[in-house]
Amino acid sequence: MSAFHLNKQSNVVIIGFMGTGKSSSGEMLASRMGRKFVDTDKLIEEREGMRINTIFAEKGEDYFRDLETKTVAELSEKRRLVISTGGGIVKRHENMELLKKNGIVICLTADIDTILMRTEKKGERPVLDREDTGDRRSAIEKLIDERKELYEQADYSVDTSDRSPLEINEEILQILRRVGIVGA
Ligand code: S3P
């Protein structure tokens, strides 16, 4: 990856499948870096005054994806943010182009057991619930399989399975030092 456009003003963007710890890692990273943290799902929920699940149920996925792209377009104009995204942000190539414009994109990954454990609860993840016809593990595997190549658009990837939030943050910070977003 060419990192020539990255500097101390660049955004740090966290992508990855559901249950890989994007929000918690992003929030911790932002506080360690002294930066503002934005979570695209939370921002959409606040602005719509509705939970993601309700947006999907009442307005449909396309409506949500349009909001997601609008949010990404807005945030990609800003600087020095740590941005966590929803797991489906990779579904539109346009989103990735926007996010890379002023930022580095880091993909968090986790093994199936970890993801299964973190996404067990129904009624919070409409895309996974829709895919789950009784076997949640297969539903996760199918979605990961469909999206695998899309997550590979990230500049870097960090495995979060069996690792503490602090360890994950350290690895991300190492990457950020290497590309010059954080001072050595
Ligand atoms: C989605 C993931 C969710 C949320 C929405 C759609 C997806 O975010 O954006 O339910 O398509 O993978 P999390 O990855 O934070 O669960």
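Let us look at the structure shown here. The structure presented is a predicted model; accordingly, all values stated were derived computationally and were not measured. (Residues numbered from 1 in each chain as written. Predicted model: local features only at pLDDT ≥ 70, side-chain atom pairs only at ≥ 80, totals over all residues. Heavy atoms only, no water.)

Our focus in this paragraph is helix H2 (residues 40-48). Burial in H2 covers these residues: Thr40, Leu43, Ile44 and Glu45. Looking at the packing, one finds that the buried side of H2 touches strand S2 (36-39), helix H3 (52-59), helix H4 (61-75) and strand S3 (81-84). In this structure aspartate 39 caps H2, since a side-chain oxygen of it lies 3.0 Å from the backbone nitrogen of aspartate 41. One or two steps after H2, the chain reaches glycine 49, where phi turns positive at roughly 65°. (Buried < 20%, exposed > 50% of the residue type's maximum accessible area, 1.4 Å probe, protein only. Helix = DSSP H or I, 4+ residues; strand = E, 2+ residues; numbered from the N terminus. Contact = heavy atoms within 4.5 Å. Polar contact = N/O pair within 3.5 Å; in protein donor to acceptor, adjacent residues only side chain to side chain.)

Quick look at the site of the ligand now. In the vicinity of the ligand there are 13 residues, among which Lys22, Asp41, Arg65, Gly87 and Arg147 approach most closely. Within the side chain of aspartate 41, a nitrogen or oxygen atom sits 2.9 Å from an oxygen atom of the ligand. One nitrogen or oxygen atom from the side chain of arginine 65 is found 2.7 Å from an oxygen atom belonging to the ligand. In isolation the ligand exposes 380 Å². Once the protein is present, 93% of that is buried. Listed by contribution, the elements that provide at least two residues to the shell around the ligand are H4 and helix H7 (126-131). In the shell around the ligand, the residues fall into five nonpolar, three polar and five charged. (Near = heavy atom within 4 Å. Areas by Shrake-Rupley, 256 points an atom, 1.4 Å probe, with all protein chains shown as cover. Nonpolar A, V, L, I, M, F, W, Y, C, P; charged D, E, K, R; others polar.)

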